Amino acid sequence: MKTEALYFAVRNTKLLVGAGIILVLLGIGVIGPFFIEKPPTEYVGMQMQPPGAEYWLGTNTFGQDLWAQFVHGLRTTFLVGALGGGIAAVIGMVVGFLAGYKGGWIDEILNMLTNIVLVLPTLAVLFILNAYIGVRSAGMQALFIGLTQWPWAARSIRAQTFSLRGRDFVDLARLSGVGSGRIIAREIAPNMSSYLLLTFILLFGGSILIASSLDFIGLGPTDAVSLGLMLQQAHQWSAMHLGLWWWFVPPGAGITLIVGALYVANVGLDEVFNPKLREL
Amino acid sequence: MTLEVDDLRVYYRTLKGDVQALDGVSFGLRDGEILGLAGESGCGKTTLGKALIRLDGRMKHVGGSVTLDGQVLPIGEDAKMNPYRFKQVSLIPQYSMSAMNPTRKIGRMVRELLESRREKLDLDELHQRLELVELPKDVLGKYPIELSGGMKQRMVMVISTLLNPSLLIADEITSALDVSTQKAVVTTLKGFRDRGFVKSMIFITHDISLTNQLADTIMVMYAGKLAEKAPASTVVNAPKHPYTQLLISSLPEVGVRYADKRLTGIPGNPPSLLKPEPGCRFRARCPLAFEKCAEDPPPVEVEKDHVVACWKAA
Amino acid sequence: MRRYFGRKLLIYGLTFFMAVTVNWLVPRLMPGDPVASMLARARVAQPEAQEALRVYYNNLFGFDLPWWQQYLNSWGSLFRGDFGISLWAFPTPVADLLTRAVPYSLALLVPSILLSWVVGNRLGALAARRKVLDNTVLPVSYVLTATPYLWLAALMAWGFGVVWGIFPVAGGYSFSMTPSFTWDFFVDLFWHWLLPFSSLFLVALGGWAIGMRNVIIYELESDYANYMSALGAPQKLIRRYAFRNAVLPQITGLALQLGVLVAGALVTEIVFSYPGLGSLILAAIQNKDFFLLQGAFLFIVLGVLIANFIIDVVYVIVDPRTRVGMVGAAA
């Protein structure tokens, strides 16, 4: 099974292209900051310089180096996406596994909770929470995003768990007196591991998009630079009207590339794991 | 002769190569004849059934021909096959429970289906046939979800035979049913044949004892090839092919409790059909195998209407 | 069907109840005197209004009352439509600001949601039919759905507005105009509406096209499609059935996507300084006008719940199975 998945993985163009783009951008975000001596918010020199040899992405109206901001922004964006997606995936798994495996009133209550959080407009909840509580580190932002993003994941994991619950190997484990937690961890979760990975990837991408919206309405982290914050500042300081396209085009393109690559890689992975989707 | 199948070969395309699921099968079917098609899963019986009406996307027609009522069926070409489907060849699928569009009322679906084939719906005839299978007329105004499993199955049987096809293929339609329902289905199918709704029928199943109740002739397949074909009573009482013999002896006899006589399954597994070795495909599991079995045994008519593909039987 | 609606309404009721409760609780969780700190942080337009606001809000919050009475009072004022007075736009009541902004938001949201859904579904269905289309529609859709709403809005505003100067890039109508029922005004309104609408429409389009393509391919492989093919039914009929059935999960998808679409509209409005709820929320955040923010929150929640209910009704009309009463749409 493992080797078979690998066989298809290295032949799947979508997965390779998606993963390639993500790795390159992740590499820039992780390693890049070490090659930039000055902090990204420092005023380095000439204002409103178009992209050139010295400042690859130019400078903004304050004379800040936009390449430095972009590189640090990538890092924050990946961090928020991974953390937010991760938190949402964990909550979604706990809720989904419990509801799907336990059934009965636990399922009823969790299902109700899931549906309530599902219909709440996420961004509206986030701006109330963010505005009042006002702790605005990237980690805090990711936590809030994770807390509101999990419902659809919980719902699909519940459905999957529900169908696995009736299988022989689960019955066997239950009959031999294995506890629920162990059955979920040993029998159910491994059997849908590929599905969980796909869910996480989608949550990852979704979190990045939500974070960019939060950043843009002025509820982003105050202690970091992110791609969304670059867009917010570009808008706030009228980059568009001043013709400073290099201020708002690269960060948006960065977000689109990351999220798009995640989605495409996700489709590729789905084809790798799901024999029915493999093209002959 | 209604149906004439000659040296039919249908392969499955896979990444590792072609699986020779149906590898040169020939047989005929007379007017009014019901043929039971039996064998283990993977023996090619379902492939044969599909080949006669609609190949699925991964199957390809490699060789041989199918002639129905004197016309050669273009089985390899999906679009050209369309005019024959439903009118000449029809199918009762394995998945009767989900064969009807869930969001259309059944009557409307039937009407749209017929209109799409430029056939007029004869409502009286439809009502009579519903009555025959003990379905009330008002099922036509219902959605499939409102019908019980047994009702859905009977509805599909009525739809499939509505245009009086020459050949009806029933693909494992009883495997999910309990014994009394199986009997009812078998009786209904016989009734369809006796009333002339269908001229001939291929009843695909892995359950030989059930086949025996319905079929005039039984054909046993093994690993993509014909093993034995004979009148039903001959296959059950005097099989000649060692595989058929093992298959029959593994059946519980009527009145014998399972505890008294353990089912003797056939040890071993069917060979891979990816690149099968030449020679008899059963020889690895065959208790009677000898050197000659390294050559392919041709199907031989050992007595009238009794065809066996085995060196020992000839 | 009664059970289906009963369940839905219960969930919506609970959701609204939770939203109101959170809205009531959050300011009370802040340390110290919330009224004082809110007023201190806010940028109130007129300094002389400070004292009036303090009296007003102390009264509104009623901190001298037991908590349950405070809570009940907040429900009372909610039903009277009283959301307090805006700090930023003192002395305009929050409710007035919101009701003035809502038509603009709806004018962007409703057409872009409906049109993107209809067109996206058609595109997806076409993509599922032809390999050539699939290879073009699908990648474009993935790029669109990965694009942040605000970025496509910014790109369009920059390209069509600033560089080529075809469209105005700010406001709901020209500054020189006064709202009136004249032809000129409507043309002006439409001209300002077109770009924000288009950017919302385009981003949403991608998701629907991808969804429809995937569902319809699944439907075309379903048992009923196979059965009909085996009976020689023409592809046209099978595709019609498949499309019809694939629309159902897409309707459910519409309900699930509402939150994202609303969020998209809010940031798009901000990019175009479009006078809807989004711009109001930005002003509220920038000026720390928490009452305005809370009012906007409740408006949005209520709007999304109503939209959800409308979608439920539509679903029951479209899916016969819910009427028959055997199953409900995925809740």
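For the structure, check the block above.
Residues numbered from 1 in each chain as written. Chains lettered and ligands numbered in written order. Predicted model: local features only at pLDDT ≥ 70, side-chain atom pairs only at ≥ 80, totals over all residues. Heavy atoms only, no water.

A. Geometry of the sheet that holds strand β4 (residues 59–68) of chain B. All names here are of chain B. Ordered in space as β2-β1-β4-β5, the 4 strands form an open sheet in which the pairing is antiparallel. A single partner strand is all that each edge strand has here, and the edge strands are β2 (17–29) and β5 (71–72). Relative to β2, strand β1 (residues 3–14) runs antiparallel, the two being bridged by 9 bridges. If you follow Tyr12 over to β2, its bridge partner there is Val19. (Pairing = 2+ DSSP bridges. Helix = DSSP H or I, 4+ residues; strand = E, 2+ residues; numbered from the N terminus.)

B. View of the sheet that holds strand β3 (residues 34–38) of chain B. All names here are of chain B. Here 8 strands make up an open sheet; going across it, the order is β6-β7-β8-β3-β9-β10-β12-β11 and the pairing mixed. The open sheet has two edge strands, β6 (89–92) and β11 (300–303), and neither has a second partner. Between one strand and the next, the sheet's axes are offset by a mean angle of 25 degrees, whatever the strand orientation. Its contacts with the sheet put helix α1 (residues 45–53) on β3, β6, β7 (167–171), β8 (200–204) and β9 (217–222), and the angle it makes with β7 is roughly 145 degrees. (Axes fitted to C-alpha atoms, helices over the stretch in contact; angles between N-to-C directions. Contact = heavy atoms within 4.5 Å.)

C. Summary view of a nonpolar patch on the surface. Residues Leu23, Leu26, Val30, Ile31, Phe34 and Phe35 of chain A make up a contiguous nonpolar surface patch of roughly 660 Å² in combined accessible area. As for its position among the elements, Ile31 of chain A is in helix α2 (residues 13–31). (Patch = residues over 30% accessible without salt bridge, like charges linked within 9 Å, V, L, I, M, F, W, Y side chains within 5 Å. Areas by Shrake-Rupley, 256 points an atom, 1.4 Å probe, with all protein chains shown as cover. Salt bridge = Lys/Arg side-chain N within 4 Å of Asp/Glu carboxyl O.)

D. Inspection of the nonpolar core at higher detail. Counting residues in each nonpolar core, the largest one holds 229 residues, and the members touching the most others are Phe127 of chain A, Met155, Ile159 and Leu189 of chain B together with Leu293, Phe297 and Ile300 of chain C. At 20 residues, helix α10 (residues 235–271) of chain C tops the list of elements feeding residues into this core. When residues of this core are sorted by domain, at least three fall in each of domain 1 (3–88 + 165–308) and domain 2 (97–162) of chain B. Residues in contact with Phe127 of chain A, not counting those within four places in the same chain, are Ile217 and Leu219 of chain A together with Leu266, Ile281, Ile285, Leu293, Phe297 and Ile300 of chain C. One finds Leu22, Leu29, Leu35 and Cys43 of chain B within the second-largest nonpolar core, a separate group that totals 35 residues. (Core = buried A, V, L, I, M, F, W, Y, C linked by side-chain atoms within 4.5 Å. Buried < 20%, exposed > 50% of the residue type's maximum accessible area, 1.4 Å probe, protein only. Domains from an automatic or database assignment.)

E. Spotlight on the packing of aromatic side chains. Per the counting criterion, the structure on display carries 25 aromatic pairs over all chains. Here the aromatic rings of Tyr243 of chain B and Phe282 of chain B are separated by 5.1 Å at their centres, their planes lie at 65 degrees, and the arrangement is edge-to-face. Of this pair, Tyr243 of chain B sits in helix α9 (residues 242–249) while Phe282 of chain B sits in the loop between α9 and β11, and the two are 39 residues apart along the sequence. There is no split in this pair, since Tyr243 of chain B and Phe282 of chain B are both buried. Among the aromatic side chains, those forming a connected cluster through ring pairs are Phe16, Phe17, Trp75 and Phe79 of chain C. The positively charged end of Arg129 of chain B is found above the aromatic ring belonging to Phe197 of chain B, 3.7 Å away from the centroid. The ring of Trp311 of chain B is capped by Lys292 of chain B, whose NZ or CZ atom sits 4.2 Å from the centre of that ring. (Phe/Tyr/Trp six-rings, centres within 6.5 Å; stacked < 30°, edge-to-face > 60°. Lys NZ or Arg CZ within 6 Å of the ring centre and 35° of its normal.)

F. Summary view of the packing of helix α9 (residues 223–230) of chain C against α10 of chain C. Residues and elements named next belong to chain C. Contact geometry for α9 and α10: axes closest at 10 Å, N-to-C directions at 170 degrees. Classified by the angle their axes make, α9 and α10 are roughly antiparallel. Facing Tyr224, Ala225, Met228 and Ser229 of α9, the residues of α10 in contact are Gln235, Leu237, Ile238, Tyr241, Ala242 and Asn245. Among the residues making up the contact of α9 with α10, the classes are represented as 7 nonpolar, 3 polar and no charged. (Parallel < 35°, antiparallel > 145°, perpendicular 65-115°, else oblique. Nonpolar A, V, L, I, M, F, W, Y, C, P; charged D, E, K, R; others polar.)

G. Quick look at α2 of chain A. All names here are of chain A. In this model α2 runs 26 Å from its N-terminal to its C-terminal C-alpha over 19 residues, within 8% of the 27 Å that 1.5 Å per residue would give. For α2, the full list of buried residues reads Leu15, Gly18, Ile22, Leu25 and Gly29. One face of α2 carries all of its buried residues, which in axial projection span an arc of 125 degrees. Opposite the buried face of α2, at more than 90 degrees from it, the exposed residues are Thr13, Leu23 and Val24. A side-chain oxygen of the first residue of α2 lies 3.0 Å from the backbone nitrogen of Lys14; this N-cap is Asn12. (Expected span 1.5 Å × (residues − 1). Arc of directions from axis to C-beta. Polar contact = N/O pair within 3.5 Å; in protein donor to acceptor, adjacent residues only side chain to side chain.)

H. Region of the structure containing the interface of chain C and chain A. Across the contact, 51 residues belong to chain C and 42 residues belong to chain A. Both sides together, the interface formed by chain C and chain A hides about 4,200 Å², and carbon and sulfur atoms give 78% of it. Considering only the surface of chain C that becomes buried against chain A, Tyr142, Trp151 and Trp158 of chain C emerge as the three largest contributors, covering 14% of it. Run the count over chain C and chain A and you get 1 salt bridge. With a shortest N-O distance of 3.8 Å, Glu108 of chain A and Arg7 of chain C are connected by a salt bridge. Here chain C is connected to chain A by 4 residue pairs in polar contact (both at pLDDT 80 or more). Counting residues per element, the ones that place at least two in the side of chain C that touches chain A are α1 (2–29), α2 (34–41), α6 (131–146), α7 (149–163), α10, α11 (277–286) and α12 (290–318) of chain C. Class assignment of the residues belonging to the side of chain C that touches chain A gives a composition of 40 nonpolar, 7 polar and 4 charged. (Buried area = accessible area lost by both parts, 1.4 Å probe.)

I. Representation of the state of the cysteines in the model. Residues and elements named next belong to chain B. Scanning the entire structure with this criterion turns up 0 disulfides over all chains. Free of any disulfide, Cys43 has its nearest neighbouring cysteine sulfur in Cys280, separated by 14 Å. With no disulfide of its own, Cys280 lies closest to Cys293 among cysteine sulfurs, the gap being 5.6 Å. (Disulfide = S-S within 2.5 Å.)

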